[in-house]
Amino acid sequence: MTNWEGINEFISVVETESFTAAARRLNVSVAHVSRRINQLEKRLGAKLLYRTTRKLHLTETGRIYYRQVRRVQDELQAAEEQVMAMEGNPAGKLRITAPVYYGEQFLAPLVNDFLLRYPELKLDMVLTNQTVDLVQEGFDLAIRLGTLDSSSLMCRKLARRTQFLCAAPAYLARYGIPESIHALGRHRCLAGTVDHWRFLEQGKPRAFRLQPGWHCNSGLALKDAAIKGLGIVQLPDYYVTEELEKGLLVSLLDECRVPDDGVWVVYPNNRHLSPRVRLLVDYLVEQLG
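Visitor: Help me understand the sheet that holds strand β7 (residues 163-167) in this model?
Guide: Paired through backbone hydrogen bonds, the strands of a sheet run either parallel or antiparallel to each other. The strand order across the open sheet built from 3 strands is β12-β7-β13, with neighbouring strands paired in antiparallel fashion. Both outer strands of the open sheet, β12 (233-236) and β13 (250-252), are each paired with one neighbouring strand and no more. Strand-to-strand twist across the sheet, computed as the mean angle between neighbouring axes with direction ignored, equals 50°. The pairing of β7 with β13 spans 3 bridges and is classified as antiparallel. Paired with Leu165 across the two strands is Leu252, which belongs to β13. Packed onto the sheet, helix α9 (residues 237-246) meets β7, β12 and β13 and runs at close to 110° relative to β12.

Dropping the structure here:
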């Protein structure tokens, strides 16, 4: 029989490139990870990793061993989860990350409904506006907004996202309606996490650089400031649709609006997509598409 001690630790260290990150991913101590890998190398009679103060390097033997045990681990996990799925009882932990507001308003309620369907599943959801390294942090999937950067991640589009430039009627009555992108330079612009707004001008992309007197990294705070007449804001539809419908905000420069971008679910492509993750991805596509 194969002794599996140390294999999970070895795989985690390779994929996170860190003993500390591997320990966090496995919820054990760094000393435990180091001890198990030392025992694994001793049992195999081969050096798998070179460790320096700055970086870890796989030996050639380590590279070959990783490819084999990763494949076996994926197949074993898939076999277990397929049996559970066939019985209608997918189990295991789902580790998910998403931007704070979108996660609170849209993702969390859907995932909670999903868990009611499959009570054997466990959840670890981290809401953050920072871009998380899925492999290093051990996440199964993430929600990303906007235009995706090129990466090795796999992705599926969940929904379309429209950017609106808008302001309150009271602000427009006092300062006037901007008739062009250039005219925005004479207005009060409320800035969020980016230093520019995106537009189309004569069919070509145009960036308007912000020089704001008001700045905050919260979309809700931006919306509140705009409703109260403090300035003009550019926000995605899921922040302002209701306010636009009620007349609390007015959409501006619609002819210069950029094409819709996306709401995406992304996941590592170097990992078998387990039945529980595939079920969740399909569910999110169904609900948000």
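Visitor: Mind showing me how you'd approach the packing of aromatic side chains here?
Guide: One pair of aromatic rings is described through two measures. These are the centre distance and the angle between the planes. This model, assessed by the stated rule, comprises 11 aromatic pairs. The interplanar angle of 25° and the centroid separation of 6.3 Å between the aromatic rings of Tyr101 and Tyr238 together place this pair among those described as stacked. Taken together, the residues span a long stretch of sequence, with Tyr101 in helix α5 (residues 100-117) and Tyr238 in helix α9 at a distance of 137 residues. Note on Tyr101 and Tyr239: the rings are 4.2 Å apart at their centroids and 15° apart in plane angle, and the pair reads as stacked. Of this pair, Tyr101 sits in helix α5 while Tyr239 sits in helix α9, and the two are 138 residues apart along the sequence. By the burial criterion, Tyr101 is buried, and Tyr239 matches it. Positioned above the aromatic ring of Phe139, the side-chain terminus of Arg95 is 4.1 Å from the ring centre.

Visitor: Just checking my understanding: could you explain the pattern of salt bridges for this structure?
Guide: Applying the stated criterion across every chain, the model contains 17 salt bridges. The closest approach of N and O atoms between Arg25 and Glu15, which form a salt bridge, is 2.7 Å. Here Arg25, found in helix α2 (residues 19-26), pairs with Glu15, found in helix α1 (residues 7-16); they are 10 residues apart in sequence, far enough to count as distant. According to the relative accessible area criterion, Arg25 is partly exposed, its value standing at 25%. As a salt-bridge pair, Arg70 and Glu15 come within 2.5 Å of each other at their nearest N and O atoms. Here Arg70, found in helix α4 (residues 60-86), pairs with Glu15, found in helix α1; they are 55 residues apart in sequence, far enough to count as distant. In the salt-bridge network here, residues are joined through shared partners; they are Glu15, Arg25 and Arg70.

Visitor: In this structure, what is going on with empty space enclosed by the protein? I would like to understand it.
Guide: In this approach a probe as big as a water molecule rolls over the atoms, and the regions it shows empty are the leftover space. Under the counting rule described, the total for this entry stands at 2 cavities of 30 Å³ or more. Each pocket or cavity is described by its volume, and for the largest cavity that value is around 50 Å³. Together, Gln163, Phe164, Leu165, Arg198, Phe199, Gln234, Leu252, Leu253, Arg257 and Val258 line the largest cavity. Those elements that provide at least two residues to the lining of the largest cavity are β7 and β9 (196-201). Among the elements that take part in the lining of the largest cavity, β7 stands out by supplying 3 residues, more than any other. Here the residues of the lining of the largest cavity sort into 6 nonpolar, 2 polar and 2 charged.

Visitor: How should the nonpolar core be read in this particular structure?
Guide: General note: in soluble globular proteins, nonpolar side chains tend to be found buried as a group. Membership of the largest hydrophobic core comes to 38 residues, with the highest contact counts inside it found for Leu141, Ile143, Leu280 and Leu284. The element best represented in this core is α5, accounting for 7 residues. The residues touching Leu280, leaving out its near neighbours within four places in the chain, are Leu94, Ile96, Val111, Phe114 and Leu141.

Quick notes on the rules
Residues numbered from 1 in each chain as written. Predicted model: local features only at pLDDT ≥ 70, side-chain atom pairs only at ≥ 80, totals over all residues. Heavy atoms only, no water. Pairing = 2+ DSSP bridges. Helix = DSSP H or I, 4+ residues; strand = E, 2+ residues; numbered from the N terminus. Axes fitted to C-alpha atoms, helices over the stretch in contact; angles between N-to-C directions. Contact = heavy atoms within 4.5 Å. Phe/Tyr/Trp six-rings, centres within 6.5 Å; stacked < 30°, edge-to-face > 60°. Buried < 20%, exposed > 50% of the residue type's maximum accessible area, 1.4 Å probe, protein only. Lys NZ or Arg CZ within 6 Å of the ring centre and 35° of its normal. Salt bridge = Lys/Arg side-chain N within 4 Å of Asp/Glu carboxyl O. 1 Å grid on protein atoms, 1.4 Å probe; cavity = no way out; pocket = protein on both sides within 12 Å on 5 of 7 lines; lining within 4 Å. Points joined across faces, edges and corners; volume = space filled by probe spheres on them. Nonpolar A, V, L, I, M, F, W, Y, C, P; charged D, E, K, R; others polar. Core = buried A, V, L, I, M, F, W, Y, C linked by side-chain atoms within 4.5 Å.

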